[in-house]
Amino acid sequence: MKIHEYQAKEFFTQYGIPTADGIVCRNAMACADAYKELHSPKVVIKAQVLTGGRGKAGGVKLASGEDQVVEVASSILGMDIKGYKVDRVMVAKAVNIESEYYISLVVDRNTKSVVLIMSKEGGMDIEEVAAKTPEKIFRIPIDPFTGIPNFLAARAARLLFDNESIVKQAIPVIQKMYKLFTEKDASLVEINPMVVTKEGTLLAIDGKMNFDDNALYRQPLVESLFEPNAEEKTEQMAKSKGFSFVHLGGKIGCMVNGAGLAMSTMDTIKLYGGRPANFLDIGGSSNPNKVIEAMKLLLADTNVKVVLINIFGGITRCDDVARGLLEAFKEIETNIPVVIRLTGTNHKEGLDLLKDSAFHSASTMGQAVQKAVELSK
Amino acid sequence: MKIHEYQAKEFFTQYGIPTADGIVCRNAMACADAYKELHSPKVVIKAQVLTGGRGKAGGVKLASGEDQVVEVASSILGMDIKGYKVDRVMVAKAVNIESEYYISLVVDRNTKSVVLIMSKEGGMDIEEVAAKTPEKIFRIPIDPFTGIPNFLAARAARLLFDNESIVKQAIPVIQKMYKLFTEKDASLVEINPMVVTKEGTLLAIDGKMNFDDNALYRQPLVESLFEPNAEEKTEQMAKSKGFSFVHLGGKIGCMVNGAGLAMSTMDTIKLYGGRPANFLDIGGSSNPNKVIEAMKLLLADTNVKVVLINIFGGITRCDDVARGLLEAFKEIETNIPVVIRLTGTNHKEGLDLLKDSAFHSASTMGQAVQKAVELSK
Amino acid sequence: MSILVNKDTRLVVQGITGRDGGFHASKMSTYGTKVVAGTSPGKGGSKTDNGVPVFNSVHQAVENEGANTSIIFVPAPFVKDAVMEAADAGISLIVCITEGVPTLDVVYAQKYVHSKGSRMIGPNCPGLISPGKSLVGIMPGNIFYEGSVGVISRSGTLTYEVVYNLTQKGMGQSTAVGVGGDPVVGLYYKELLEMFQNDPDTSAIALIGEIGGDAEEQAAAYIKEFVTKPVAAYIAGSTAPADKRMGHAGAIISSGSGSAAEKKAAFMAAGIPVAQEPSQIPELLKLK
Amino acid sequence: MSILVNKDTRLVVQGITGRDGGFHASKMSTYGTKVVAGTSPGKGGSKTDNGVPVFNSVHQAVENEGANTSIIFVPAPFVKDAVMEAADAGISLIVCITEGVPTLDVVYAQKYVHSKGSRMIGPNCPGLISPGKSLVGIMPGNIFYEGSVGVISRSGTLTYEVVYNLTQKGMGQSTAVGVGGDPVVGLYYKELLEMFQNDPDTSAIALIGEIGGDAEEQAAAYIKEFVTKPVAAYIAGSTAPADKRMGHAGAIISSGSGSAAEKKAAFMAAGIPVAQEPSQIPELLKLK
């Protein structure tokens, strides 16, 4: 789950991580007020959208004087950035930057730990830095038992900063970032750039936080910040029914048991020249009600021209699955062709049961996908 | 450092450890008010003194009705228990006890960790239980990295309790005791007895907490509860001068550099038939001012008939020590004989310097102690 | 032989009185796994319908029944504690089925397991099976057959799909391990590849990866250097869009890395054949 | 030979720019100890008056100067971090001189040191010395002489007293270790007895205990079972009253246990002679 820059900065402030003063505004007038409140001749106005690349899209601009603030704010508010409409901007004090750095904490799969990532190449796209000049990136895995003791924060800080006064400021900032990360079940806490001002102060200029979806149950405050877009709303709705759903835009609606098999089904559709409409994992069992709900979800997408149901019968045997499907489709009214592929335990018995139905049935993924692609054209 | 039962229970309440309701009172009238406030026909009135054995001394009594409460409270207030005057009592609801248990956390030298100690023999002197029936005592060392996770608290709780409803109450209590222990730098958190009431509730009836003196600098709240007695005041005053001092009551005042050597000096005095007046470690160096301060401390004890100064000259050489002593004693006016024993680096030179002084000097501990004992008779 | 589980596996089912725990305990018993105990705090002293003794703690299960392996079905919020309990009790292999465990809980529990010298598989995994010997998981035992192909997979049903294809081609499995679909899990490719390489009864390895992270890239490098047995790989998620979690918490292409294309390229570069569809795995293993 | 420190000891002094750190760094150098580095956060890059390079971190001292042993002089509130830093940097022996460290800090740091496979001596100790080879501590080097008596002690000046007596009787020392006067310290009797027992250059052991805890009782039992070399003991604090801290935080008889009488009895029962005064130690070792 993602949150806006201004929300991340509210967490920073709560945890004592210094940020450039800023105020979030929903209209140009509010921006003018914010400008007055900040007592800063020059401000930065930044679009608040849940996607990257706002800078390149023109969503971040400097402004001086109330009139210019109103003008710039008006130009940014309402913008469309990668499909996200800008309904909020942050008006922040412009800062005299001496140097820029990158500091983040992220969960690392390989070391199975949280990793502190730092670079002197602040303000840049860190993936690009990592790809082109990996030696410029420092990675320090954090022991979950001991966290970031002073000595480790100090060692990390000295990798970035030569000036001892900045090191002293950076040590608690790194520790507080980790505290924030762990206490809020984040999956990313990123400050880019972290700047040293000409006045010798360490400040977080931009901030980003992502959260672990699995931990939202114990982070009600974080969860309350969730602002799903239309697609995410559908996915969320699907989730509440026990499904995993992702919209993809093609013509072949897929219903699969298991995430890996569902991805594999999408890939195979592509391989055979079709386009999947979605990823849909209906989970373990495949009882009639689940199938009915899943069909509703698929048929809500008017692009869908054919439905492919790919079920591996394991503990639930294929004959039981077939019976469930037959029962479910008694309740579903649709003219869209349905291809069913059943494999696994008792798959012959299962396919026999479907023989006289309106379904196109198959026992291999290849056959089923081929049929579905054909029907989608 | 020790605190009173009622203060320990305030910590318990703060940390969510259930205790029998009680109110601390400084006079009998306050006890009557407390009695009314508690709405309990029967109450226990308990002397609050910083020493054990108050029960045997008659400092804990039951009372029913306001008149009896006043009577009992009056009899306990003002009592002398092992040299401690009772100036406070706790009036607490009497509880219907079903069964009694012992639970404590203490620092264990051997496992180098905090250890959870539990027994079904609650309400008894735990040292006695440990000596007579060690199999009745459970000891669980706590890993400082992981503390007491649920599974461990549950396993511990089930060692004491069979009833699952009590187990459920005990799990968080054990965890909270540990949290209290670590957050307040305790050296002991003891609940004895922890009782199960006839109503099926777990309650701390008596509570005891000691604290790590080395950690008081970061526990100002705990430190503010320190109530030194006369002896402890002297010790504290000595400490502020960089000394370790303990009053012992004999005639031979000792001044030694190093705690181990100071103890050894006391022991040797006893071995030769004398009685040490005190333990006094003046620490590393022995500059004249320190010696002057130490002498003041020793001479304040009117029992002292002779002073034995035992110095091992290590990094500070004996000749320098001797010069310091001579200088110091120019400022000290006393008729009490002083025996000085100097050993270590350059001890011959040191003793030579003292040759013409009024001091009795020696180079072995045996000789010096023999002389001091002789002079003290 | 086989890896991790075999006839000596003595299993304790953590959360045996729950719906899933009870169901799969019985399935595993039926398969032939020695399910020697279950745990359910507060229900110690009872027995399941199948006569498996239930204890309050894993500690007791180890003490009384000699359990050496555990499988965890407790709800996500309690998994961290359950894993630590098992490791503390001396369980050497802990298989965590539960889905939806907070990542930081996994990080912490995994470190604890490691510090105790134990091993964890999962969470969010289907478990593992050494066909004909022991099933410790929720896999349908009947689709597996004893043989010499080692299978490592991040997915459940996709594993079954591959295994089903192998079995139909007469290629049985030595051990099949579902490592789990979460970003952080216990044993991963490298550790398992090493075990399969050292297992005399494994003659070939099928590796089923998916998008997210770079474990497949690391596995490819490891195979190139250390694995002499034939390996074939399949990567799911070629058509997955960026920044979308594809069911598994770990299956997400983020910041432009973790794509199927990168992973496939890494395997190809290491000389490891990559299947375009799961059904190709058997022939790729035979071809090598 | 000797135990723990010798000619190969390469010492980093943590807190070298402090008063005590600087003073003893110079004393140790003079004695012949290889003081290869010092640390003082923020002062890295400078040198001490004696030319010892100062680094910001132990890590750098290890990297640049090959330090393998550290001695800690930083103030008590910073000791926990300093010990962990040393262990994390790969220092194998950490000697902590500082007094007044909170016990829970020691518990935590000691566990960390242990988890990294390192060893800690102290806190609140005078350090250790292998005479003629290396002094890592605040002991007056000149009172020690090379020889074959191993000395273990909970006290500083009392150690000097005993060593002085030994030296005067011509009995030099292989290594003398002050384990520290706090309730919880790193290496204790048992570990050191084992090392002395295994050290070919140690022929006899002097053990100097004091009131508080039951480590002496445990040591007596250990000696009886595992130590074949002659041992003589001395216990300070026979005249100490109960519940009073005698200088050392660990020297306290509490709840009626930890008394000198109990400890002496334990040694006697194990057949280990106990000196009545420190000066008797040499003859007791000769008598054996």
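Residues numbered from 1 in each chain as written. Chains lettered and ligands numbered in written order. Predicted model: local features only at pLDDT ≥ 70, side-chain atom pairs only at ≥ 80, totals over all residues. Heavy atoms only, no water.

**Some points on the overall build of chain C**
Then step 1. Counting its regular elements, chain C contains nine helices and 13 strands.
Then step 2. Compactness check: chain C gives a C-alpha radius of gyration of 18 Å against a globular reference of 19 Å for 288 residues, within 12% of the reference.
Then step 3. Projected onto its principal axes, the C-alpha coordinates of chain C cover approximately 55 × 40 × 30 Å.
Then step 4. Sorting the 288 residues of chain C into buried and exposed places 65% on the buried side.
Then step 5. Look at the contacts in chain C between residues 6 or more apart in sequence, and 72% of them connect residues 24 or more apart.
Then step 6. Roughly 9,600 Å² of accessible area belongs to chain C as shown, and the carbon and sulfur atoms make up 49% of that amount.
Then step 7. Positive and negative side-chain charges of chain C, numbering 23 and 26 respectively, have mean locations separated by a distance of 2 Å. (Helix = DSSP H or I, 4+ residues; strand = E, 2+ residues; numbered from the N terminus. Rg over C-alpha atoms; globule rule 2.2 N^0.38 Å. Buried < 20%, exposed > 50% of the residue type's maximum accessible area, 1.4 Å probe, protein only. Contact = heavy atoms within 4.5 Å. Areas by Shrake-Rupley, 256 points an atom, 1.4 Å probe, with all protein chains shown as cover. Lys, Arg positive; Asp, Glu negative; His and termini not counted. Charge placed at Lys NZ, Arg CZ, Asp CG, Glu CD.)

**Observations regarding the interface of chain C and chain A**
Then step 1. Opposite the 65 residues of chain C that make contact, chain A presents 51 residues.
Then step 2. For the pair chain C and chain A, the two sides together bury roughly 4,400 Å², of which 60% comes from carbon and sulfur.
Then step 3. When the buried surface of chain C facing chain A is broken down by residue, Leu104, Thr239 and Met246 of chain C rank first, second and third, together holding 15% of it.
Then step 4. Here chain C and chain A share seven salt bridges between them.
Then step 5. For Arg218 of chain A, the salt bridge goes to Asp105 of chain C, with nearest N and O atoms at 2.8 Å.
Then step 6. For the pair chain C and chain A, the number of links is 21 residue pairs in polar contact (both at pLDDT 80 or more).
Then step 7. Those elements that place two or more of their residues in the side of chain C that touches chain A are α1 (19-31), α4 (103-115), α5 (157-168), α7 (215-226) and β12 (231-236) of chain C.
Then step 8. Considering each element in turn, the side of chain C that touches chain A owes the most residues, nine residues, to α4 of chain C. (Buried area = accessible area lost by both parts, 1.4 Å probe. Salt bridge = Lys/Arg side-chain N within 4 Å of Asp/Glu carboxyl O. Polar contact = N/O pair within 3.5 Å; in protein donor to acceptor, adjacent residues only side chain to side chain.)

**As for the sheet that holds strand β4 (residues 69-72) of chain C**
Residues and elements named next belong to chain C.
Then step 1. Ordered by their spatial adjacency, six strands build an open sheet running β3-β2-β1-β4-β5-β6, and the pairing between neighbours is parallel. The outermost strands of the open sheet, each flanked by one partner alone, are β3 (54-55) and β6 (119-121).
Then step 2. With four bridges connecting them, β4 and strand β5 (residues 93-96) associate as parallel partners. For Thr69, the partnering residue across the bridge sits in β5 and is Leu93. (Pairing = 2+ DSSP bridges.)

**Quick look at the interface of chain D and chain A**
For interface size, the figure often reported is the accessible area lost on association.
Then step 1. Facing ten residues of chain D, the contacting portion of chain A comprises eight residues.
Then step 2. Together, the buried faces of chain D and chain A total about 860 Å²; carbon and sulfur atoms form 56% of this surface.
Then step 3. Applying the counting criterion to the chain D and chain A interface returns one salt bridge.
Then step 4. Its salt-bridge partner being Arg155 of chain A, residue Asp88 of chain D comes within 2.7 Å of it at the nearest N-O pair.
Then step 5. At the boundary of chain D and chain A, one finds four residue pairs in polar contact (both at pLDDT 80 or more).

**Side note on the state of the cysteines**
By definition, a disulfide is the covalent link that joins the sulfur atoms of two cysteine residues.
All names here are of chain C.
Then step 1. Scanning all chains against the criterion turns up zero disulfides over all chains.
Then step 2. Cys125 takes part in no disulfide bond, and the closest cysteine sulfur to it belongs to Cys96, at a distance of 6.9 Å.
Then step 3. On the basis of relative accessibility, which here comes to 4%, the residue Cys125 falls in the buried class. (Disulfide = S-S within 2.5 Å.)

**Some remarks on the packing of aromatic side chains**
Then step 1. Counted under the stated rule, the structure contains 19 aromatic pairs over all chains.
Then step 2. Centroid distance Phe145 of chain B to Tyr108 of chain D: 5.0 Å. Interplanar angle 65°. Geometry classified as edge-to-face. In this pair, Phe145 of chain B is assigned in the loop between β9 (137-142) and α5 (150-160) and Tyr108 of chain D in helix α4 (residues 103-115), connecting two distinct chains.
Then step 3. On the numbers, 5.5 Å between centres and 90° between planes, the contact of Phe312 of chain B with Tyr164 of chain D is edge-to-face. Highlighted residues: Phe312 of chain B in strand β16 (residues 306-313) and Tyr164 of chain D in helix α5 (residues 157-168), drawn from two different chains. As far as the burial class goes, Phe312 of chain B and Tyr164 of chain D line up, both buried.
Then step 4. Members of the aromatic cluster, joined through ring pairs, are Phe145 of chain A, Phe145 of chain B, Tyr108 and Tyr112 of chain C together with Tyr108 and Tyr112 of chain D.
Then step 5. Positioned above the aromatic ring of Tyr108 of chain C, the side-chain terminus of Lys80 of chain C is 4.2 Å from the ring centre. (Phe/Tyr/Trp six-rings, centres within 6.5 Å; stacked < 30°, edge-to-face > 60°. Lys NZ or Arg CZ within 6 Å of the ring centre and 35° of its normal.)

**Examining the pairing of strand β1 (residues 10-14) of chain D**
All names here are of chain D.
Then step 1. β1 sits mainly inside the fold: four of its five residues count as buried.
Then step 2. Summarising the sheet, β1 and strand β2 (residues 34-39) pair through five bridges and their orientation is parallel. By the bridge assignment, Val13 is partnered in β2 with Gly38.
Then step 3. Between β1 and its parallel partner β2, the chain crosses via helix α1 (residues 19-31), and the hand of that crossover is right-handed. (Right-handed = clockwise from strand over helix to strand, strands pointing away.)

**Brief notes about the environment of Asn6 of chain C**
Residue and element names in this part refer to chain C.
Then step 1. Mapped onto the elements, Asn6 comes out in the segment before β1 (10-14).
Then step 2. Its relative accessible area of 28% is what places Asn6 among the partly exposed residues.
Then step 3. In sequence terms Asn6 and Ile129 are 123 residues apart; their C-alpha atoms lie 8.5 Å from each other.
Then step 4. Sequence-distant contacts of Asn6, defined by excluding residues within four places in its chain, comprise Lys133 and Ser134.
Then step 5. Within the structure, Asn6 has its side chain in polar contact with the backbone nitrogen of Asp8 (distance 2.7 Å).

**Looking at the packing of helix α9 (residues 259-271) of chain A against α5 of chain C**
Then step 1. Relative to each other, α9 of chain A and α5 of chain C sit at 70°, their axes nearing to 5 Å. Comparing their axes, α5 of chain C and α9 of chain A come out roughly perpendicular. Residue-level contacts link Gly260, Leu261 and Ser264 of chain A of α9 of chain A to Thr157, Leu158 and Glu161 of chain C of α5 of chain C.
Then step 2. The class makeup of the residues in the contact of α9 of chain A with α5 of chain C is two nonpolar, three polar and one charged. (Axes fitted to C-alpha atoms, helices over the stretch in contact; angles between N-to-C directions. Parallel < 35°, antiparallel > 145°, perpendicular 65-115°, else oblique. Nonpolar A, V, L, I, M, F, W, Y, C, P; charged D, E, K, R; others polar.)

**Overview of the packing of helix α6 (residues 189-198) of chain D against helix α7 (residues 215-226) of chain D**
All names here are of chain D.
Then step 1. It is the contact of α6 with α7, at a shortest axis distance of 9 Å, that shows an interaxial angle of 30°. The angle between the axes of α6 and α7 places the two elements in the roughly parallel class. The crossing of α6 and α7 is right-handed. Judged by residue contacts, Tyr189, Lys190, Leu193, Glu194 and Gln197 of α6 engage Ala215, Glu216, Gln218, Ala219, Tyr222, Ile223 and Phe226 from α7.
Then step 2. Residues that form the contact of α6 with α7 fall into these classes: seven nonpolar, two polar and three charged. (Left-handed = near helix turned anticlockwise from the far one by under 90°.)

**Digging into the pattern of salt bridges**
Then step 1. Taken as a whole, this structure holds 67 salt bridges over all chains when the rule is applied.
Then step 2. Its salt-bridge partner being Asp108 of chain A, residue Arg139 of chain A comes within 3.2 Å of it at the nearest N-O pair. Pair noted here: Arg139 of chain A is in strand β9 (residues 137-142) and Asp108 of chain A is in strand β7 (residues 97-108), with a separation of 31 residues, a long-range link.
Then step 3. Among the residues examined, Asp108 of chain A registers a relative accessible area of 10% and is labelled buried.
Then step 4. A salt bridge links Lys116 of chain C to Asp88 of chain C, with the nearest nitrogen and oxygen atoms 3.6 Å apart. Here Asp88 of chain C lies in helix α3 (residues 79-88) and Lys116 of chain C lies in the loop between α4 and β6, a separation of 28 residues in the sequence.
Then step 5. Salt bridges here are not isolated pairs; linked through shared partners, they connect Glu5, Lys9, Lys46, Arg54 and Asp206 of chain A.

**Concerning α3 of chain C**
Then step 1. When you tally the buried positions in α3 of chain C, you get eight out of ten residues, the bulk of the element.
Then step 2. Once α3 of chain C finishes, Gly90 of chain C follows within two positions and takes phi at roughly 95°, a positive value.

**Quick word on the domain arrangement of chain C**
All names here are of chain C.
Then step 1. The domain boundaries assigned to chain C delineate domain 1 (10-121) and domain 2 (140-287).
Then step 2. Computed over C-alpha atoms only, the centres of domain 1 and domain 2 are separated by 26 Å.
Then step 3. With nine residues of domain 1 at the contact, the number on the domain 2 side is eleven residues.
Then step 4. Taken together, the two surfaces of domain 1 and domain 2 that pack against each other cover about 830 Å², and 67% of this comes from carbon and sulfur.
Then step 5. Of all residues in domain 1, Tyr31, Arg119 and Ile121 give up the largest surface area on contact with domain 2, accounting jointly for 47% of the area buried on that side.
Then step 6. Summed over the shared surface of domain 1 and domain 2, the number is one residue pair in polar contact (both at pLDDT 80 or more).
Then step 7. Contributions of two or more residues to the side of domain 1 that touches domain 2 are made by α4 and β6. (Domains from an automatic or database assignment.)

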